[in-house]
Amino acid sequence: MRKVQFFDTTLRDGEQTPGVNFNTHDKVRIALQLEKWGVDCIEAGFPVASPGDFEAVNEIAKNMTTMTVCGLARCHKKDIDAAYKALEPAKNKQIHVFLATSPIHMEYKLKMTPDEVLASIAEHVAYAKTLFDVVQFSPEDATRTEREFLLKSVQTAVDHGATIINVPDTVGYTTPSEYGAIFRYLLDNIDNHGADVIYSSHCHDDLGMATSNSLAAIENGATRIEGTVNGIGERAGNTPIEECATALHIRRDFYNAESSIVLVETKNTSDLVSALSGLAIPKNKAIIGSNAFAHESGIHQDGVLKNPETYEIITPQLVGFKTNHLPLGKLSGRHAFATKMAELGYYLEGEELKHAFDNFKILADKKKVVEERDLLALMGDAVANNESWIIDRIELAYDSFGEQEASVSLTTKAYGNVSAKAVGAGSVEAIYNTIDKIYKQDTRLTYYTIDAVTDGIDAQAQVNITVQDNKTGKLYNASGLDYDVIQASAKAYIKAKELVLNEEGE
Ligand code: KIV
Ligand code: ZN
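Residues numbered from 1 in each chain as written. Chains lettered and ligands numbered in written order. Predicted model: local features only at pLDDT ≥ 70, side-chain atom pairs only at ≥ 80, totals over all residues. Heavy atoms only, no water.

*Asks:* Tell me what's going on with the overall build of the chain, and back it up with residues and numbers.
*Replies:* Regarding its fold elements, the chain presents 17 helices and 16 strands. A compact globule built from 506 residues would reach a C-alpha radius of gyration of about 23 Å, and the chain, at 24 Å, matches this within 12%. With respect to the principal axes defined by its C-alpha atoms, the chain has extents near 75 × 60 × 45 Å. The buried share of the chain, reckoned over its 506 residues, is 55%. (Helix = DSSP H or I, 4+ residues; strand = E, 2+ residues; numbered from the N terminus. Rg over C-alpha atoms; globule rule 2.2 N^0.38 Å. Buried < 20%, exposed > 50% of the residue type's maximum accessible area, 1.4 Å probe, protein only.)

Structure (C-alpha cells):
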C-alpha cells in the first residue's frame, strides 16, 4: 500500500479564518494534539509575518518530537532567514516557499513578468536549499496557471532543490478531474533528476470540492494532502484533514493507500480546534458533526438495529466519539481529573490545572452526569478565559415598558470593579448593551448562536459569537459556556470585548 502523508496548516492557513486568533499557548497545545493524531508535518506559521508568528513557530519547533515542523516563506531572503531562525530547534524541519504563477497574480499582485517569476523561484529555492534539507515549493494559484508555465515553474523549483511540490488551488476553483489531470501532467513531465519528489495537494473549499479534489490528486499520483482540522481557513476554508484521512481508511480498497493518522484521536483534535478557534462544528459536518452518526428515520433505525452496516459505513468509535460516560464525579480527585484531561489532549499543570479542576467541581455539583463533551467544552472555555475578568453579578427585570433591564457588575484587569445598567428588547440584548457601556468600544455583534453541549434539560449552553471592531473592521470570535444561557451569553461577549481591548490596548 502507498503511504499518504498529511500536512496540517491549521495554524497558518487555518488561522486566516476571519475572527480566529490563536495565541502561542493555544498553538503549542494544538500542535501537540496534531502530533498525537499522527500528522506528518505541521505548518506552524509564517515566521516573518510578526514577532508573534515567529515565537509560535519557534515554540512549536522546541516542543515536537516526531512531527516535522514547517514555516512559510515568500520568495524573499528575509522570509527564508526568519523561517530558518524560528525552526532552528526543530528535530525535523522543512521550509515552504511560494510564489504565484497565474497570469492574474503575476500581472496585478506581483507586477512581475513570467521570466522574473522563474528567476525568483530559481534564486529563492536555491537559497532555501542552502539552509534546509527539505524545501517545499508552491506555485500559488496553480490551478489558474497556464499548464506550460506551471510545468516550467515546477521544473525550475525541482532543478534548484525542491523535493516537495505543492499544487495550490488557491481560490477553490478546480474540479476533481481537472485537478487530477494537473498532477498526472506534472508527474509525467517533470524531470526529478532521480530524486524522490513528493507531490502534494492544497485545496480551498469555495465550490465545496476541497475533499474531492484532494482525493482526486491522490488517485493521480500525489502522496501528500495539505489541509486543516475542521476545514477552517480563508473564505470557505481548506480541505478538512479528518474527511480525507477517514475516506482513505474506509475506502482503502479503492485508494490502496494508508496514512499515519490515528483515527481514534480525530474527535479530540476537532473539539480542541473548535474550542480554541471559537468556531462551532456544524451538526451535520461529515465525520465530526454531532449528527454524523445519528439515525432519525424509522427505516434507517430499523436497519441499524438489525445490522449497523445497513446504514453505517463508519463507526463513531473509529473516529473517537465516546459513548461511555466519564467515570469522574464530584468526589473525584485532582490526579484522576488531570489524567483524564491528558487523555483528552489537555496536559494541565499548576494554576491552569487548579482553575480547570475548580470549574469541573462546580459543574459536577450541578449536573447529574458529566460527559467528556462537557469537559472538552469546559476546557475550551477555561483556555479562552485567562482569568482577566469575572462576572460578579447579573440581574434582570422587566421595566414598566415591558423591556428587559439588565444590571451587570464585573471585575476586570483593566477596569477593576465596574457596574452598569441598560435596557434591551430581550435579556441578552439588555446584557450586551450593559457590557457595551462598561467597555465603551466601537464594535458591533455580527454573529450569535446558542447550542446545547449535550442532550437533556441539564445540558450546558455554548454560545458562539463574532464581534466586529468598527474602527479596524477586524473580527473577533469568542465562545461562552455555562449551565445558564444568560451567563454563557455574557461570558462570550465579555471575552470578545477583552480580545478587542487587548488588541487596541485601550
Ligand atoms: O492557498 C494557497 O495558495 C496557499 C499558499 C501559501 C500555498 O495557502
Ligand atoms: Zn491556502
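*Asks:* Give me the coordination of the zinc ion (ligand 2): which residues, what numbers.
*Replies:* Here the zinc ion (ligand 2) is held by D13 (OD), H202 (NE2) and H204 (NE2), and the distances to it run 2.0 to 2.1 Å. Classification of H204 as buried rests on a relative accessible area of 6%. (Donors = N, O, S within 2.8 Å, 3.2 Å for Na, K, Ca; no water.)

*Asks:* Which residues make up a nonpolar patch on the surface, and what are the values?
*Replies:* Taken together, the side chains of L445, Y448, I450 and V485 present a nonpolar region at the surface, about 300 Å² in accessible area. Examining the composition of the nonpolar patch, we find that 3 residues originate from one element, strand β14 (residues 443–452), more than from any other. Looking at the element boundaries, I450 is found in strand β14. Look at I450 and you get partly exposed, because its relative accessible area is 42%. (Patch = residues over 30% accessible without salt bridge, like charges linked within 9 Å, V, L, I, M, F, W, Y side chains within 5 Å. Areas by Shrake-Rupley, 256 points an atom, 1.4 Å probe, with all protein chains shown as cover. Salt bridge = Lys/Arg side-chain N within 4 Å of Asp/Glu carboxyl O.)

*Asks:* If you had to explain the sheet that holds β14 to someone new, which residues and values would you point to?
*Replies:* Ordered in space as β14-β15-β16, the 3 strands form an open sheet in which the pairing is antiparallel. In the strand order of this sheet, the two ends are held by β14 and β16 (475–482), each with one partner. Ignoring strand direction, the axes of neighbouring strands in this sheet form an average angle of 20°. Here strand β15 (residues 461–469) runs beside β16; their pairing, made up of 8 bridges, is antiparallel. Bridge pairing in β16 places A461 opposite D482. (Pairing = 2+ DSSP bridges. Axes fitted to C-alpha atoms, helices over the stretch in contact; angles between N-to-C directions.)

*Asks:* How would you sum up the site of ligand 1? Please name residues and give values.
*Replies:* Around ligand 1 sit R12, D13, H96, F98, S138, E140, P168, T170, H202 and H204, and those are all the residues in its vicinity. In the model, an oxygen atom of ligand 1 is placed 2.9 Å from a nitrogen or oxygen of the R12 side chain. Within the contact set of ligand 1, an oxygen atom lies 2.6 Å away from a side-chain nitrogen or oxygen of T170. The protein chains hide 95% of the 260 Å² of surface that ligand 1 would expose on its own. Put simply, the parts of the chain that give the shell around ligand 1 at least two residues each are β5 (93–100) and β6 (135–140). The class makeup of the residues in the shell around ligand 1 is 2 nonpolar, 5 polar and 3 charged. (Near = heavy atom within 4 Å. Polar contact = N/O pair within 3.5 Å; in protein donor to acceptor, adjacent residues only side chain to side chain. Nonpolar A, V, L, I, M, F, W, Y, C, P; charged D, E, K, R; others polar.)

*Asks:* So what about the sheet that holds strand β13 (residues 416–424)? Which residues, and what values?
*Replies:* Spatial strand order, β11-β12-β13: 3 strands in an open sheet with antiparallel pairing. Edge strands, defined here as strands with exactly one partner in the open sheet, are β11 (389–398) and β13. Neighbour-to-neighbour, the strand axes of the sheet open up by a mean angle of 15°, direction not taken into account. Where strand β12 (residues 404–412) meets β13, 9 bridges bridge the pair, whose relative direction is antiparallel. Looking at the pairing, T412 lines up with G416 of β13. Sitting on the sheet, helix α16 (residues 427–439) is in contact with β11, β12 and β13, with an inclination near 135° to β13. (Contact = heavy atoms within 4.5 Å.)

*Asks:* Explain the packing of helix α6 (residues 147–159) against helix α7 (residues 176–189) to me, and be specific about the residues and the numbers.
*Replies:* For the pair α6 and α7, the least separation of the axes is 11 Å and the interaxial angle reads 50°. The angle between α6 and α7 falls in the class oblique. Our pair here, α6 against α7, has a crossing hand that is right-handed. Residues R147, E148, L150, L151, V154 and Q155 of α6 touch α7, and the partners they reach there are E178, I182, Y185, L186 and N189. Counted by class, the contact of α6 with α7 contains 6 nonpolar, 2 polar and 3 charged residues. (Parallel < 35°, antiparallel > 145°, perpendicular 65-115°, else oblique. Left-handed = near helix turned anticlockwise from the far one by under 90°.)

*Asks:* Would you mind going over helix α3 (residues 77–86) in detail, with residue names and values included?
*Replies:* Within α3, the full set of buried residues consists of D79, I80, A82, A83 and A86. Relative to the axis of α3, the buried residues are bounded by an arc of 160° and lie together on one face. Exposed and oriented more than 90 degrees from the buried face of α3 are K78 and K85. Structurally, α3 contributes buried residues whose contacts are with α2 (51–63), β4 (68–74), β5 and α5 (114–131). (Arc of directions from axis to C-beta.)

*Asks:* Describe in detail the domain arrangement of the chain, supporting the description with residues and values.
*Replies:* Domain boundaries in the chain define domain 1 (2–277), domain 2 (293–320), domain 3 (325–370) and domain 4 (385–505). Computed over C-alpha atoms, the centres of domain 1 and domain 3 are 37 Å apart. The interface is formed by 7 residues belonging to domain 1 together with 8 residues belonging to domain 3. Carbon and sulfur atoms make up 39% of the area that domain 1 and domain 3 hide from each other, which totals about 610 Å². In terms of surface lost to domain 3, no three residues of domain 1 exceed R29, K36 and N268, which account for 61% of the buried area on that side. Linking domain 1 with domain 3 are 1 salt bridge. When the shortest N-O distance is used, the salt bridge between R29 and E352 registers 2.4 Å. Sorting the residues of the side of domain 1 that touches domain 3 by element identifies α1 (24–37) and α11 (266–277) as the ones contributing at least two each. At 4 residues, the largest contribution of residues to the side of domain 1 that touches domain 3 is made by α1. Class assignment for the residues of the side of domain 1 that touches domain 3 results in 2 nonpolar, 3 polar and 2 charged. (Domains from an automatic or database assignment. Buried area = accessible area lost by both parts, 1.4 Å probe.)

*Asks:* Tell me about the nonpolar core, residues and numbers included.
*Replies:* Ranked by internal contacts, the top residues of the largest apolar core, which has 97 residues, are I165 and F337. Split by domain, this core shows at least three residues from each of two domains, domain 1 (2–277) and domain 3 (325–370). Setting aside residues no more than four positions away along its own chain, F337 makes contact with L328, L348, L353, A356, F357, F360 and L375. W389, A406, Y493 and I494 belong to the second-largest nonpolar core, a separate cluster that totals 28 residues. (Core = buried A, V, L, I, M, F, W, Y, C linked by side-chain atoms within 4.5 Å.)

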